[in-house]
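Fold and geometry: a report
The chain contents come next:
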Amino acid sequence: MSLNPPNLRPDLAPAPRLGDDRAALGRGGQPTIGMVSLGCPKALVDSERILTRLRAEGYAISPAYQGADAVIVNTCGFLDSAKAESLDAIGEALAENGRVIVTGCLGAEPDYITGAHPRVLAVTGPHQYEQVLDAVHVAVPPAPDPFIDLLPASEVRLTPRHYAYLKISEGCNHHCRFCIIPDLRGRLVSRPAHAVVREAERLVALGVRELLVISQDTSAYGVDLRHATDRGHRAHITDLARDLGGLGAWVRLHYVYPYPHVRDLVPLMAGTAEAGTGVLPYLDVPFQHAHPDVLKRMARPAASARTLDEIAAWRAAVPALTLRSTFIVGYPGETEAEFQYLLDWLEEAQLDRVGCFQYENVRGARANDLPDHVPDAVKQDRWDRFMAKAQAISAAKLAARVGTRQRVIVDSVDADGATCRTMADAPEIDGNLFIDEGFETLSPGDIVEVTVDEASEYDLWGTL
């Protein structure tokens, strides 16, 4: 049982994962592949899809370097620091296994990878599933048993059994100056709504209790499909959320831009806390900054005042709404006055969950060429001040929950207690609720009610 760290990188998903113990069982003589997955939850879904395809072709999945005939490293390329982390992971895989195939966002820069690690077997770019499979076939030829392996395989998941990421679209139509995601993953391409719902139904049937909806821009879902209706399901985020909310699981929405139609989405969250299932009263909105001039330099909508009006309207519709966001401090040209404006905005907005990272150049991003880059020491000072403000808001909000009854989902149970999350907490990036008495009968995936009896800056403690 571990406390929630306050300095999680908001652009990263869980710690790197190598394979999956649940997928590791195989027959003798089966070719075996390992997978290291880095980056955001969207990349984690890509890793799951690759492993599922490999399983269907007769490969076993190894949870350890030593048991694999080759290792796939799914990389992150969002920030230069994330690129460095990816290079380190590739180097570790080479040292531990020696036969490495690289894919993911950093794969869009093959020369950068091979310049650091010339021994990699192949490099493929983001969501290039066929190219990854081709590289695996060359490195480790498949040897399927036609009576066992060439059957539809159950999906390989790298998350715990009780929650799953549900990717609804790929790519982004925004052109923020600090971001290269559209260059890496292209323009918005939405999945048909009926396909998303079918996948969600299958996951719930397998025991998933929480669906985490992800994309680069969730609120733009279906724009490229002209919000068409196909097989009874309309490709619009409001309709999709309504469909998913009726499946009997928690549904959590991430990466929702504050478009006007979000006002139609929020009412779907009313009553979820009482019903125990449905679209959770939780929105993950990437505001990035608040000052209009900084937002203009970022090439993002400069409407912080109207954003406060939107927040007020959302909370009027659903008072229990939890708002999470991420911010950048030290963006090129950011003045002390602009930063103070952000602090004042945060005080007024009273966001529940906040992540922040210091601006850094990303190869290929247009922000690199902006004038007046902020010194590192100033960025660090602003990050410290921002996080102190966010921590104070979080502490006050959590203290107000002491004495209340909360419905929680159990993530893990060990000798010390049960680690859970309320409806206001997404896995890996938000806080936890800990139960350290009377937890012995609990299991991961259980949803129970607890009374909150203690709070810290980020976490809660409760009793059954």
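Because the structure is predicted, anything quoted here is derived from the model rather than measured. (Residues numbered from 1 in each chain as written. Predicted model: local features only at pLDDT ≥ 70, side-chain atom pairs only at ≥ 80, totals over all residues. Heavy atoms only, no water.)

Membership of the largest hydrophobic core comes to 52 residues, with the highest contact counts inside it found for L253, L283, W314, W345, L351 and F386. Among the elements that line this core, the one with the most residues is helix α12 (residues 336-349), at 6 residues. Of all hydrophobic cores here, the second largest spans 25 residues; its members include A70, L133, V136 and L158. (Core = buried A, V, L, I, M, F, W, Y, C linked by side-chain atoms within 4.5 Å. Buried < 20%, exposed > 50% of the residue type's maximum accessible area, 1.4 Å probe, protein only. Helix = DSSP H or I, 4+ residues; strand = E, 2+ residues; numbered from the N terminus.)

Across its 13 residues, helix α6 (residues 193-205) extends 18 Å between first and last C-alpha, which sits within 8% of the 18 Å expected from 1.5 Å per residue. For α6, every residue scored as buried is listed here: A193, H194, A195, V196, V197, E199, A200 and L203. Taken together, the buried residues of α6 touch β7 (163-167), β10 (210-214), β11 (229-230), β12 (233-234) and α7 (237-245). At the C-terminal side of α6, G207 shows a positive phi close to 110°. (Expected span 1.5 Å × (residues − 1). Contact = heavy atoms within 4.5 Å.)

Once that is clear, we can look at the sheet that holds strand β16 (residues 353-358). Here we have 6 strands laid out as an open sheet, ordered β7-β10-β13-β14-β15-β16, and parallel in their pairing. On the outer flanks of this sheet lie β7 and β16, each paired with one strand and no other. Adjacent strand axes in the sheet meet at a mean angle of 20°, parallel and antiparallel pairs treated alike. Note: β10 against strand β13 (residues 250-253), 4 bridges, orientation parallel. The partner of E210 across the bridge, within β13, is W250. (Pairing = 2+ DSSP bridges. Axes fitted to C-alpha atoms, helices over the stretch in contact; angles between N-to-C directions.)

The residue R226 is not glycine, and still its phi comes out positive at about 55°. Assignment of secondary structure puts R226 in the loop between β10 and β11. You will see that Y255, though not glycine, has its phi angle at about 60°, which is positive. By the secondary structure assignment, Y255 is in the loop between β13 and α8 (262-265).

Attention now moves to empty space enclosed by the protein. Counting across every chain of the model gives 2 cavities of 30 Å³ or more. Approximately 40 Å³ is the volume found for the largest cavity. Around the largest cavity, the lining residues are D46, I50, N74, T103, G104, G125, P126, H127, Q128, Y129 and V132. Looking at the lining of the largest cavity, its residues break down into 4 nonpolar, 6 polar and 1 charged. (1 Å grid on protein atoms, 1.4 Å probe; cavity = no way out; pocket = protein on both sides within 12 Å on 5 of 7 lines; lining within 4 Å. Points joined across faces, edges and corners; volume = space filled by probe spheres on them. Nonpolar A, V, L, I, M, F, W, Y, C, P; charged D, E, K, R; others polar.)

This part covers the confidence of the model for the protein chain. Should the pLDDT be low somewhere, the predicted coordinates at that spot are not to be read in detail. Taken over all residues, the pLDDT of the protein chain has a mean of 89, while the share at 70 or more is 91%. Scored below 50 in pLDDT, residues 5-15 shows 25 contacts in the model against residues more than four places distant or in partner chains. Across residues 20-25 the pLDDT falls below 50, and counting only partners more than four positions away or on other chains, this stretch makes 16 contacts in the model. (pLDDT = per-residue confidence, 0-100.)

So, on to the sheet that holds strand β20 (residues 447-455). Spatial ordering of the closed barrel is given by β17-β18-β19-β21-β20, a layout of 5 strands whose pairing is mixed. Across the sheet, the mean angle separating the axes of adjacent strands is 50° when strand polarity is ignored. Two strands pair when backbone bridges link them, and β20 and strand β21 (residues 460-463) are joined in this way by 4 bridges, in the antiparallel orientation. When the sheet's bridge partners are listed, T451 is paired in β21 with T463.

What follows concerns the packing of aromatic side chains. As enumerated under the stated definition, the model contains 9 aromatic pairs in all. Here F327 and W345 contribute two aromatic rings whose centre-to-centre distance is 6.0 Å and whose plane-to-plane angle is 65°, an arrangement assigned as edge-to-face. Of this pair, F327 sits in strand β15 (residues 322-329) while W345 sits in helix α12, placing them 18 residues apart in sequence. As far as burial versus exposure is concerned, F327 and W345 are alike and both buried. Here Y331 and Y359 contribute two aromatic rings whose centre-to-centre distance is 5.3 Å and whose plane-to-plane angle is 75°, an arrangement assigned as edge-to-face. You can see Y331 sitting in the loop between β15 and α12 and its partner Y359 sitting in the loop between β16 and α13 (376-399), a full 28 residues away along the chain. Judged by relative accessible area, Y331 falls into the buried class, the value being 0%. Joined through ring pairs, the aromatic side chains of F287, F327, W345 and F386 make up one cluster. If you follow K42 out to its NZ or CZ, it ends over the ring of Y255, 3.9 Å from the centre. For R252, the ring lying beneath its charged end belongs to Y282, and the centroid distance is 4.5 Å. (Phe/Tyr/Trp six-rings, centres within 6.5 Å; stacked < 30°, edge-to-face > 60°. Lys NZ or Arg CZ within 6 Å of the ring centre and 35° of its normal.)

Once that is clear, we can look at the UniProt feature "domain: TRAM" (unreviewed entry) in the protein chain. Per the UniProt record, "domain: TRAM" (unreviewed entry) is annotated on residues 399-464. Here residues 399-464 runs as 2% helix and 48% strand, with 18 Å between its end C-alpha atoms. (UniProt positions renumbered as here; feature names shortened; annotations may be inferred.)

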